[in-house]
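Observations on chain architecture
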Amino acid sequence: MMTRDEARGPAEEVVMLETSIPAVRTRRPELLWVGSGAWVACDPSVDATDPHRAVAYLECKDDRVYVLWVAGSGGVCEFESISEALEQIAQRLAPAAI
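Notes on the structure follow. (Residues numbered from 1 in each chain as written. Predicted model: local features only at pLDDT ≥ 70, side-chain atom pairs only at ≥ 80, totals over all residues. Heavy atoms only, no water.)

**Quick notes on the side chain of Asp 43**
What counts is decided by this rule: Only runs of H or I of at least four residues qualify as helices and only runs of E of at least two qualify as strands under DSSP, and these elements are numbered from the N terminus. Each polar contact in these results corresponds to two N or O atoms within 3.5 Å; when the atoms are within protein, one needs to be able to donate a hydrogen and the other to accept it, and residues that are neighboring in sequence are counted only if both atoms are side-chain atoms. Should any heavy atoms of two residues lie within 4.5 Å, those residues are counted as being in contact.
With respect to the element layout, Asp 43 can be found in the loop between strand E2 (38–42) and strand E3 (54–61). A polar atom in the side chain of Asp 43 sits 2.8 Å from the side chain of Ser 45. Beyond its immediate stretch of four places on either side in the chain, Asp 43 contacts Arg 27, Arg 53, Val 55 and Leu 93.

Following this line, the structure appears as structure tokens:
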């Protein structure tokens, strides 16, 4: 039995085009501990002296993580874990799609 490529013959070679899809880069926030289960999440791409570097305030309390957004809109969000909160912050730091 002939394979599919053998049945095509030499003149009918399959050409694979190499394409690349740009990877979506996320920036992981830097966390600054401010004491007693609280952190400030900062955008690592912004200069350390820029007040716009702060993105959110996080507080762990009663087995929950509360995030108060200080950049953009959003108010307060509640998460079950710090990793969920950090993922949401990283999504906000991701560059907008073109």
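**Brief notes about the packing of aromatic side chains**
Going by this rule: Here is the rule: rings of Phe, Tyr and Trp (six-membered ring for Trp) pair when centre to centre is within 6.5 Å. Planes less than 30 degrees apart are stacked, more than 60 are edge-to-face, and the remainder are tilted. Comment: the charge-over-ring label is applied if NZ (Lys) or CZ (Arg) is within 6 Å of the ring centre and within 35 degrees of the ring normal.
Tallying each qualifying case throughout the model produces zero aromatic pairs. Lying across the ring of Trp 69, Arg 92 places its NZ or CZ 3.7 Å from the centre.

**Considerations on the pattern of salt bridges**
Operational definition: Throughout this description, the term salt bridge denotes a Lys or Arg side-chain nitrogen within 4 Å of a carboxyl oxygen of Asp or Glu.
Scanning the entire structure with this criterion turns up three salt bridges. Between Glu 30 and Arg 53 there is a salt bridge, with its nearest N and O atoms 2.2 Å apart. Taken as a pair, Glu 30 in strand E1 (residues 30–35) and Arg 53 in the loop between E2 and E3 lie far apart in primary sequence, 23 residues in all. Put simply, Arg 64 and Glu 78 hold a salt bridge, and the shortest N to O gap is 2.7 Å. One end of the pair, Arg 64, is in strand E4 (residues 64–69); the other, Glu 78, is in strand E5 (residues 76–79), with 14 residues separating them in the sequence.

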